[in-house]
Each structure stands twice: as C-alpha cells, then as structure tokens.
Amino acid sequence: MRKYEVMVIIDPDTDERQVNPILEQYTKVITDAGGTIENVDVWGKRRLAYEIQKKTEGIYAIIGLTSEPDAVKEMDRLFSINEAIMRTKVMRPVPEKQKKS
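Numbers given for residues are sequential positions, taken from 1 along each chain in its written order. For a predicted model such as this one, the threshold for reporting local features is a pLDDT of at least 70, and the threshold for listing and counting side-chain atom pairs is 80 or more; totals across whole chains, interfaces and linings nevertheless cover every residue. Calculation of side-chain values draws on the structure's entire complement of heavy atoms; hydrogens and water are dropped beforehand.

Under the annotation held in an unreviewed UniProt entry, the protein chain carries the name Small ribosomal subunit protein bS6 and is attributed to Auraticoccus monumenti. Heading Sequence similarities (unreviewed entry) of the UniProt record for the protein chain holds this comment: "Belongs to the bacterial ribosomal protein bS6 family." UniProt positions are given in the numbering used here, feature names are shortened, and annotations may be inferred rather than shown by experiment.

Enquirer: Just checking my understanding: could you explain the overall build of the protein chain for this structure?
Expert: Helices and strands together make up the secondary structure of the protein chain, namely two helices and four strands. Under the DSSP-based scheme used, a helix requires at least four consecutive residues in state H or I and a strand at least two consecutive residues in state E, with every element numbered from the N terminus. When the helices and strands of the protein chain are read in sequence order from the N terminus, they spell out β-α-β-β-α-β. Note that the radius of gyration is over C-alpha atoms, with the globule rule given as 2.2 Å times the number of residues to the power 0.38. At 14 Å, the protein chain has a C-alpha radius of gyration in line with the 13 Å of a compact globule built from 101 residues. A principal-axis box enclosing the C-alpha atoms of the protein chain has dimensions of 40 × 35 × 20 Å. Classification of residues uses two cut-offs on accessible area relative to the type maximum, computed with a 1.4 Å probe and protein chains only: under 20% is buried, over 50% is exposed, and between them is partly exposed. A buried classification covers 35% of the 101 residues belonging to the protein chain. Considering only contacts within the protein chain whose residues lie at least 6 apart along the sequence, 72% involve residues at least 24 apart. Surface summary for the protein chain: the accessible area is close to 6,700 Å², and the carbon and sulfur share equals 47%. Residue contacts are defined here by distance: any two heavy atoms, one from each residue, within 4.5 Å place the two residues in contact. Note on areas: these come from Shrake-Rupley sampling with a 1.4 Å probe, and a residue is covered only by the protein chains present in the view.

Enquirer: Any chance you could explain the packing of helix 1 (residues 16-32) against helix 2 (residues 69-81) here in plain terms?
Expert: Packed helices, taken two at a time, are described by the angle between their axes plus the distance between the axes. Look at helix 1 against helix 2: their axes get within 8 Å of each other, and the N-to-C directions meet at 155°. Classified by the interaxial angle, the pair formed by helix 1 and helix 2 is roughly antiparallel. Considering the relative orientation of helix 1 and helix 2, their crossing is right-handed. For the pair helix 1 and helix 2, the contacting residues are Leu23, Tyr26, Thr27, Val29 and Ile30 in the first and Ala71, Val72, Glu74, Met75, Leu78 and Phe79 in the second. Considering only residue class, the contact of helix 1 with helix 2 consists of nine nonpolar, one polar and one charged. Geometry is summarised by axes, namely lines fitted to C-alpha atoms with helices restricted to the contacting stretch, and by angles between N-to-C directions that run from 0 to 180 degrees. Working definition: roughly parallel below 35 degrees, roughly antiparallel above 145 degrees, roughly perpendicular at 65 to 115 degrees, and oblique for all remaining angles. It is the rotation of the near helix from the far one that decides the hand of a crossing: anticlockwise by less than a right angle makes it left-handed, clockwise makes it right-handed. Gly is put with the polar residues, along with every residue not named as nonpolar or charged; the nonpolar set is Ala, Val, Leu, Ile, Met, Phe, Trp, Tyr, Cys and Pro, and the charged set is Asp, Glu, Lys and Arg.

Enquirer: Just to check I follow, could you spell out the sheet that holds strand 3 (residues 55-67) for this structure?
Expert: Think of a sheet as strands paired side by side through backbone hydrogen bonds, with each pair either parallel or antiparallel. For two strands to pair, DSSP has to find at least two bridges joining them. The four strands are arranged 2-3-1-4 in an open sheet whose pairing can be described as antiparallel. The sheet is open, and its two edges are formed by strand 2 (36-52) and strand 4 (85-91), each paired on a single side. Each strand of the sheet is rotated relative to its neighbour by a mean of 20°, with strand direction disregarded. As paired elements, strand 2 and strand 3 share 11 bridges and run antiparallel to each other. Within the sheet, the bridge partner assigned to Gly44 lies in strand 3 and is Tyr60. Those strands touched by helix 1 are strand 1 (2-10), strand 2, strand 3 and strand 4, and its axis lies near 125° from that of strand 2.

Enquirer: Honestly, the environment of Ser67 in this entry has me stumped. Any pointers?
Expert: Residue position: Ser67 is located in strand 3. Note: C-alpha distance between Ser67 and Asp15 (52 residues apart in sequence) is 29 Å. Here Ser67 is in contact with Met1, Arg2, Tyr4, Ile30, Gly35 and Val72, once residues within four sequence places are set aside.

This is the structure in structure tokens:
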C-alpha cells in the first residue's frame, strides 16, 4: 500500500452539488480494492493557469488516499473516460524524512 494524492479538475459547467457524487463514484474503485480514502478536499471553482478545452476555469479537488498502484491506475483510467473531468494528476507525496529543511 502506498500513499497518493490525486488532483482532479472538473468542468466548471458541472453543478457544485454534483462534484462530491462524481468523486465518490471513482473513489469507490479504491475502497473496493482494499485501499482507504484519507480526505477529499474540494477547492471549488478556480482560474486555470492556461486554457483546457477552451475553458479558463475549473473545479479543483484533491483526494488523499492509500492504495495499491493498480487500483490508482484504474481510477485514473476511469477519470479519463468521463467528459466532465478535464484533467487529473496522480502524485506520490514526499515522505517527511526525505524533505530537505
């Protein structure tokens, strides 16, 4: 099991009330594979650094999780199929002892 952070940018035309159900649909892949979801932090609508699909804003969400790599790959693949998801980024956070002061 490894720790991951997944950043998701959702289409800004998506209703704010639909964001959590969309994310829960995909985090279920992790929990079904025996992983855990530590937190889901929805930042809301933010301006993008550059246009994506001719849009200048997106709804940002950060998901902290612990899982096997295969389950995270499957979740990322499913995110890429959904047209409401504009971008995803899967990251492995640097452990505290490896960070330089």
